[in-house]
Each structure stands twice: as structure tokens, then as C-alpha cells.
Amino acid sequence: EVHLVESGGGLVQPGGSLRLSCAASGFTFSSYAMLWVRQAPGKGLEWVSGIDNSGSYTIYLDSVKGRFNISRDDAKNTLYLQMDSLKPEDTAVYYCAKYRFMMLNPGEMSNYDYWGQGTQVTVSS
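Since the model is a prediction, treat every value here as computed from it, not as a measurement.

**Student:** So what exactly am I meant to see when it comes to the nonpolar core here?
**Tutor:** Generally speaking, nonpolar side chains in soluble globular proteins are found buried as a group. Residues W36, F68, L79, L81, M83 and Y94 are the most contacted members of the largest nonpolar core, which totals 28 residues. No other element matches the 4 residues that strand β3 (residues 18-25) contributes to this core. Beyond its immediate stretch of four places on either side in the chain, Y94 contacts E6, L20, V37, R38, V48, F68, L81, M83, G118, T119 and V121. In terms of nonpolar packing, the next biggest core, distinct from the first, is built from 8 residues, L35, W47, A97 and Y112 among them.

So this is what it looks like as C-alpha cells:
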């Protein structure tokens, strides 16, 4: 059974940093692309960043480029999102999601086949 468990969220001041983690189990982690997706209050789902199975290809939402960094540790079956220079508009529940294939197209949400339960990130002074 596939499980994705996020951790690392919390309350941080604008300009601060957080590192999210997603522990994966129940599938061959190194064979699949992974993504981070967020949902702000009252808004829809928005993909934030993705990484292919090898870790050699990454993609970011324009609004987080240069501030967020996605990475994976296949030995630990863990996905990460380092978030720096956080802004109030980054406030959201952040989910990790497994993609159906090795390579990814973040716009094709129908290919996100498993999701974690989410972790709350609140950026406020």
C-alpha cells in the first residue's frame, strides 16, 4: 500500500525558511517522478514543484523560482522542499504527490496517482 507522509510545516515569519519532507513507502520510490502541490485558503490546487525519477530534471512554479528547491533522497525514500524567503502568499497546505510515470508534466493532474495528507505552512508576522 502506498503511503506519503509530509512533515516540516509550521508558522514562520516573512523572509523565513522551512524544509518540508515527504516520506514515501509502498512503491519503488526511485522509479517515479514526484511533486509538491499546495492549496491556499479558498483556492484550488496549485502545483509548486516537480522532480523526475532520476533527480536530474526539476520544474518550479514561476512565483517560487529562486526561492524553493526540490530534491529527493532515493536511499531514504524521501522527497524534500526547501523553502526560503517565504512570503505571506506562500501560506497553504502543502501536499506531496506521486506521479504515474518517471518523467512528469505538472499540468496533467490526472497523472498524480497518490497524495499525502498535507502539512500546513503559514507565513505571517
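Right, picking up where we left off after that structure.
**Student:** How do you make sense of the side chain of N53 when you look at a structure like this?
**Tutor:** As for its placement among the helices and strands, N53 is situated in the loop between β5 (45-51) and β6 (58-60). Here the side chain of N53 touches S30 through a polar contact of 3.3 Å, landing on its backbone oxygen. Contact partners of N53, with chain neighbours within four places excluded, come to S30, S31, Y32, A33, R72, D74 and M102.

**Student:** Which parts of the structure should I look at to understand the packing of aromatic side chains?
**Tutor:** Aromatic ring pairs are described here by two measures, namely the spacing of the ring centres and the angle between the planes. Applying the stated criterion across every chain yields a total of 6 aromatic pairs. Judged by centre distance (6.2 Å) and plane angle (55°), the ring pair of F27 and F29 falls under tilted. Each member of the pair, F27 as well as F29, is classed as buried. An angle of 70° between the planes, with centres 6.2 Å apart, marks the rings of Y99 and F101 as edge-to-face. What makes F101 partly exposed here is its relative accessible area of 44%. Ring pairs connect the aromatic residues Y95, Y99, F101, Y112 and W115, which therefore count as one cluster. The residue whose ring lies beneath R72 is F29, and the NZ or CZ to ring-centre distance is 4.4 Å.

**Student:** Is there a simple way to explain the state of the cysteines in this structure?
**Tutor:** Such a bond, covalent and formed between the sulfur atoms of two cysteines, is termed a disulfide. All chains considered together, the criterion is met by 1 disulfide. Here C22 engages in a disulfide with C96; their sulfurs sit 2.0 Å apart. Handedness of the C22-C96 disulfide follows from its S-S torsion of about 40°: it is right-handed. Here the residue C22 occupies a position in strand β3, and C96 occupies one in strand β9 (residues 92-99), the gap between them amounting to 74 residues. Residues C22 and C96 agree in their burial class; the two are buried.

The rules behind each value
Residues numbered from 1 in each chain as written. Predicted model: local features only at pLDDT ≥ 70, side-chain atom pairs only at ≥ 80, totals over all residues. Heavy atoms only, no water. Core = buried A, V, L, I, M, F, W, Y, C linked by side-chain atoms within 4.5 Å. Buried < 20%, exposed > 50% of the residue type's maximum accessible area, 1.4 Å probe, protein only. Helix = DSSP H or I, 4+ residues; strand = E, 2+ residues; numbered from the N terminus. Contact = heavy atoms within 4.5 Å. Polar contact = N/O pair within 3.5 Å; in protein donor to acceptor, adjacent residues only side chain to side chain. Phe/Tyr/Trp six-rings, centres within 6.5 Å; stacked < 30°, edge-to-face > 60°. Lys NZ or Arg CZ within 6 Å of the ring centre and 35° of its normal. Disulfide = S-S within 2.5 Å.

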